[in-house]
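Below are the chains, spelled out letter by letter.
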Amino acid sequence: MKILVVGSGGREHALCWAISASPLCGTLWCAPGNAGIRDVAQCLDIKADDVDGLVAFATANAVDLVVVGPEQPLVLGLVDRLNAAGIKAFGPSQEAAALEGSKGFMKDICAKYGVPTAAYRRFTDAAAAKAYVTEQGAPIVVKADGLAAGKGVVIAMTLDEAHAAIDDAMLHGRFGSAGAEVVVEEFMDGEEASFFALCDGVHALPLVGAQDHKRVFDHDQGPNTGGMGAYSPAPVLTPELQDRVMREIVEPTVRGMAAEGKPFKGVLFAGLMIVATPEGPKPRLIEFNARFGDPECQVLMRRLKSDIVPLLLATCDGQLDHVDVRWHDDPALCVVMAAEGYPGDYVKNTAIGGLDDAGKVDGVTVFHAGTKVAKTPEGDDRVLANGGRVLGVTATAKTVAEAQALAYQAVDRIRWPEGFCRRDIGWRAVEREQKQG
Ligand code: AMP
Ligand code: GLY
């Protein structure tokens, strides 16, 4: 098969890595890809949000399957355009991607189909939003409705912070049109985890859980990021809780979206809060994403034992009831290395050395995110950082503690003075392992 992956992050490197290992994969392209993806796919000079360019390439090259990594092209309707051109594509339609693209839409679907999530109200008027916040009291959560690159959510501990967040989004246009509407919702307290399921519009096939680390610094300090590291499985998601997530969150959503005439096909990423209740832990939905997580995808791909390509095809073809999926028991853990300054302004075009050495550590795969290749004066290839999150150093081992040790051993072989990482990725799971002795 001829397969095209869209995107340029660590998620797309992991997807290309898994797809390229499939006996079904003949030619693999990635648009635009990065320095690491070059090892497993041919990179194309087409941006991930260049819908016309991607459709033209896929048509001209008779691509059999397009796999869309990031949310932007999904929300722009890339999958609809490819399908209209007769090309199979993994990912939801524009209408179904609204589960991620509009928080208000997602909350309305949850309310209509009984999915447990935080109580909420939608607002297009700042004064009304502020009056509601005042009536509800803090802590309270203010979210820009549309895509805001992970920056559109404010957990307001005081009314002043909540009012300022509403002003920023609705009056000062901080997120452009994405903030013209806001969702104000109840603050939920608990432990966060993510769960992933493939959905073909009718059936849902559970994948596995993972835990991300959203804050930039150790001990969950500093601003939110796209994710500084992840591991899978997430011990907090017991088999019983995973069953509940499927029954109470994923399946009603798949049924609801079908009933709305917007069947969801692709991977549904449920961001969860595991809330303590007198009856025991209960999963509540924080948000849906319409794609794999990054860096969650890196650990999922390292754990996936089944060939990924039949799973992607079954998702596109409405055949998920005919496939099963197998996983390696060993946990996987990914440490993200980011450029100094991230998630704010960060340094660019700094040289990264030691990548080959790092990849030689037992059980380690170094996935690239924001990297590119440049020629040295001697004509050799050199890897440069050109993004905020730059590498995803991923290890598997018998325990999370061992995977963590291997990942950091590999991190320490990377020579990149302008890079940094958190040193505590996986701490919750390591603590749990220690308690269990
Ligand atoms: P989102 O972009 O909706 O995933 O939100 C980003 C982060 O904000 C989440 O990962 C949570 O840590 C936090 N968050 C979002 N909504 C809530 C909520 N209702 N209660 C508590 N924390 C939340
Ligand atoms: N790591 C969280 C996300 O991909 O949204």
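Keep in mind the model is a prediction, meaning the values are calculated, not measured.

Caption draft 1: The sheet that holds strand β6 (residues 120-123), seen in detail. Strand order in this open sheet of four strands is β6-β9-β7-β8, and the pairing throughout is antiparallel. This sheet does not close on itself; its edge strands, each paired only once, are β6 and β8 (153-156). Within this sheet the neighbouring strands show an average axis-to-axis angle of 20°, counted without direction. In the sheet, β6 pairs with strand β9 (residues 182-186) via four bridges, with the strands oriented antiparallel. In the strand pairing of β9, Arg122 is matched with Val183.

Caption draft 2: Seen up close, the layout of surface pockets. Each pocket or cavity is described by its volume, and for the second largest pocket that value is around 440 Å³. Gly36, Asp39, Leu355, Asp356 and His368 are the residues nearest the centre of the second largest pocket, which is lined by 18 residues in total. Of all the secondary structure elements, the ones that give two or more residues to the lining of the second largest pocket are α1 (10-20), α12 (355-359) and β19 (364-368). It is β19 that provides the largest number of residues to the lining of the second largest pocket, a total of four residues. Its residues placed into classes, the lining of the second largest pocket shows seven nonpolar, seven polar and four charged.

Caption draft 3: Structural context of the nonpolar core. Counting residues in each nonpolar core, the largest one holds 52 residues, and the members touching the most others are Leu4, Val66, Leu99, Leu272, Leu285 and Phe288. The biggest single contributor to this core is helix α9 (residues 239-259), with seven residues. Leave out the neighbours within four places in its chain, and Leu4 touches Trp29, Cys30, Ala31, Leu44, Leu54, Phe57, Val63, Leu65, Val66 and Val67. One finds Cys16, Leu65, Leu311 and Trp327 within the second-largest nonpolar core, a separate group that totals 44 residues.

Caption draft 4: How the structure looks around the site of ligand 1. Close contacts around ligand 1 come from 15 residues, with Glu185, Glu186, Met188, Glu192 and Glu287 the closest. A distance of 3.4 Å is found between an oxygen atom of ligand 1 and a side-chain nitrogen or oxygen belonging to Lys103. At 3.0 Å, a side-chain N or O of Lys143 approaches a nitrogen atom of ligand 1. Protein contact buries 90% of the 470 Å² of open area that ligand 1 shows by itself.

Caption draft 5: Broad picture of empty space enclosed by the protein. Applying the stated criterion across every chain, the model contains two cavities of 30 Å³ or more. Considered as a void within the structure, the largest cavity measures approximately 60 Å³ in volume. Forming the walls of the largest cavity are Leu198, Leu207, Phe292, Leu300, Met301, Leu304, Ile308, Leu311, Leu312 and Trp327. When residues of the lining of the largest cavity are traced back to their parent elements, those giving at least two are α10 (296-303) and α11 (308-317). In terms of residue count, the dominant contributor to the lining of the largest cavity is α11 (three residues). When grouped by side-chain class, the residues that make up the lining of the largest cavity number ten nonpolar, no polar and no charged. The calculated volume of the second largest cavity comes to roughly 40 Å³. Taken together, Leu99, Glu100, Lys103, Met106, Glu287, Phe288 and Asn289 make up the lining of the second largest cavity. Counting only elements with at least two residues in the lining of the second largest cavity, the list comes to α5 (94-101), α6 (103-113) and β16 (280-289). Here the element with the most residues in the lining of the second largest cavity is β16; it accounts for three residues.

About the cut-offs
Residues numbered from 1 in each chain as written. Chains lettered and ligands numbered in written order. Predicted model: local features only at pLDDT ≥ 70, side-chain atom pairs only at ≥ 80, totals over all residues. Heavy atoms only, no water. Pairing = 2+ DSSP bridges. Helix = DSSP H or I, 4+ residues; strand = E, 2+ residues; numbered from the N terminus. Axes fitted to C-alpha atoms, helices over the stretch in contact; angles between N-to-C directions. 1 Å grid on protein atoms, 1.4 Å probe; cavity = no way out; pocket = protein on both sides within 12 Å on 5 of 7 lines; lining within 4 Å. Points joined across faces, edges and corners; volume = space filled by probe spheres on them. Nonpolar A, V, L, I, M, F, W, Y, C, P; charged D, E, K, R; others polar. Core = buried A, V, L, I, M, F, W, Y, C linked by side-chain atoms within 4.5 Å. Buried < 20%, exposed > 50% of the residue type's maximum accessible area, 1.4 Å probe, protein only. Contact = heavy atoms within 4.5 Å. Near = heavy atom within 4 Å. Polar contact = N/O pair within 3.5 Å; in protein donor to acceptor, adjacent residues only side chain to side chain. Areas by Shrake-Rupley, 256 points an atom, 1.4 Å probe, with all protein chains shown as cover.

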